[in-house]
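Overview (structure and organization)
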Amino acid sequence: MLASIFGLSGPALTPDEVAFFRDSDPAGYILFKRNVATREQLRALTDSLRALHGRDDVPILIDQEGGRVARMQPPEWPAFPPGEAFDRLYVRAPMSAIEAARTNAKAIALTLSEVGITVDCLPLLDVRAPETHPAIGDRALGSEPMQVAALGRAVIEGLRAGGVVGVVKHMPGQGRAVVDSHHALPVVSADDAALAADLAPFQRLADAPMGMTGHIIFEAWDAERCATLSPVVIGDIIRKRIGFDGFLMSDDLDMKALNGAIGNLASACVAAGCDAALNCWGRMDEMVAIANEVGSLTAEGESRLARAMATIGPAPDVAEMAELLAKRDALLQLAA
């Protein structure tokens, strides 16, 4: 199994993709808006990916956070609020906010499970700071680490209850970034003592099944390499200090925070300690380059991936959706 997760070019597999994916056997797939049209189309696409490999536990990922990060949108699917909605409610009624976050996440998971998507790149555990770039902004669950951890735990639990694996991101914390890593490389100069607050939510959720690194340089830990490419940050901070032993993927390697040939970046992030390199855009030349460079999942990576996918329970009842959305909306009204 290749140590990479790949995107797809469109709403159905092309003949070239079928041949390449069958031969390279990537660890999983990630879907974007270009891959999404209707329930029937999306279910057919995910079924075709499982049939390609002859197994039901192929990880099929999506970024369905709510707010401005939502690949599946109305009118075909419900709209979901951003993380900030639960942050506002937490200030007034912490337990109601936790229940609202859990309920909302289960509703998100039901929409994904119905169409065969098994992994949601959620929750963000980035602690919002005064300088946080808008790229994180209203996606964050708050500026107090234990609040972020409590709401993040609720999201993980809600996703699991709806039949979906959650991914904690962006390890070890992107809240201090003042530039958008989609366009430039953030550099964080805070010292180790200050960064302890950023680590705290990830430490509380160290048992999460999956995690995603951020493309950020932390000068206190590795002044030369961003977290995704740093064996120091991955080995000493994420694996040891945070204590995370789940399946770890990079953020998208196509982001402008990174420089270099895509195959080299993929092999470098795996060499640094990521279990898999994430490449989102479905460009065949990039995927071939990665397949030629990155190698197979390690035994530890295969074990972590299997453990994560084993957390998916029986197929949930999609008929519960309306009740969940009504409950969530009633709880969020408390913050109005």
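Above this text sits the structure in question.
These lines cover the structure that appears in this document, whether it is placed above or below. (Residues numbered from 1 in each chain as written. Predicted model: local features only at pLDDT ≥ 70, side-chain atom pairs only at ≥ 80, totals over all residues. Heavy atoms only, no water.)

Okay, the overall build of the protein next. Counting its secondary structure elements, the protein contains 11 helices and 12 strands. The dimensions of the protein, computed from C-alpha atoms along their principal axes, are 55 × 50 × 30 Å. Among the 336 residues that make up the protein, the fraction classed as buried is 59%. Residue pairs at least 24 apart in sequence account for 78% of intrachain contacts in the protein once pairs closer than 6 positions are excluded. In the form shown here, the protein has an accessible surface area of approximately 12500 Å², with 54% of it arising from carbon and sulfur atoms. If the 30 positive side-chain charges of the protein are averaged to one point and the 44 negative ones to another, these points end up 4 Å apart. (Helix = DSSP H or I, 4+ residues; strand = E, 2+ residues; numbered from the N terminus. Buried < 20%, exposed > 50% of the residue type's maximum accessible area, 1.4 Å probe, protein only. Contact = heavy atoms within 4.5 Å. Areas by Shrake-Rupley, 256 points an atom, 1.4 Å probe, with all protein chains shown as cover. Lys, Arg positive; Asp, Glu negative; His and termini not counted. Charge placed at Lys NZ, Arg CZ, Asp CG, Glu CD.)

With 21 residues, helix α4 (residues 94-114) should reach 30 Å at 1.5 Å per residue; the first-to-last C-alpha distance of 30 Å fits that figure. The buried count for α4 comes to 16 of 21 residues, which makes it a mostly enclosed element. G116 lies just past α4 and shows a positive phi near 85°. (Expected span 1.5 Å × (residues − 1).)

This paragraph deals with the sheet that holds strand β12 (residues 276-279). Spatially, 8 strands are ordered β1-β2-β3-β6-β7-β9-β11-β12 in a closed barrel, and the strand pairing comes out parallel. Pairing of strand β7 (residues 165-171) with strand β9 (residues 210-213), which is carried by 4 bridges, proceeds in the parallel orientation. Bridge pairing in β9 places K169 opposite M212. Each of β1 (2-7) and β12 is contacted by helix α9 (residues 284-293), which is oriented at about 170° to β1, the strand it contacts most. (Pairing = 2+ DSSP bridges. Axes fitted to C-alpha atoms, helices over the stretch in contact; angles between N-to-C directions.)

This part covers the pairing of β7. The buried count for β7 comes to 7 of 7 residues, which makes it a mostly enclosed element. Handedness of the crossover joining strand β6 (residues 119-120) and β7 through helix α5 (residues 145-161) is recorded here as right-handed. (Right-handed = clockwise from strand over helix to strand, strands pointing away.)

This part is about α5. For α5, with 17 residues, the first-to-last C-alpha span of 24 Å sits near the 24 Å given by 1.5 Å per residue. Summarising the contacts, the buried residues of α5 are in contact with α3 (83-92), α4, β6, β7 and α6 (192-204). Where α5 begins, the side chain of E144 points an oxygen toward the backbone nitrogen of M146, at a separation of 3.0 Å. In the stretch just after α5, G163 is the one whose phi turns positive, near 90°. (Polar contact = N/O pair within 3.5 Å; in protein donor to acceptor, adjacent residues only side chain to side chain.)

Running from N to C, α3 and α4 point in directions that differ by 155°, and their axes come no closer than 6 Å. Judged by the inter-axis angle, α3 sits roughly antiparallel to α4. Judged by residue contacts, F86, L89, Y90 and R92 of α3 engage P94, S96, A97, I98, A100, A101 and N104 from α4. Within the contact of α3 with α4, the residues separate by chemical class into 8 nonpolar, 2 polar and 1 charged. (Parallel < 35°, antiparallel > 145°, perpendicular 65-115°, else oblique. Nonpolar A, V, L, I, M, F, W, Y, C, P; charged D, E, K, R; others polar.)

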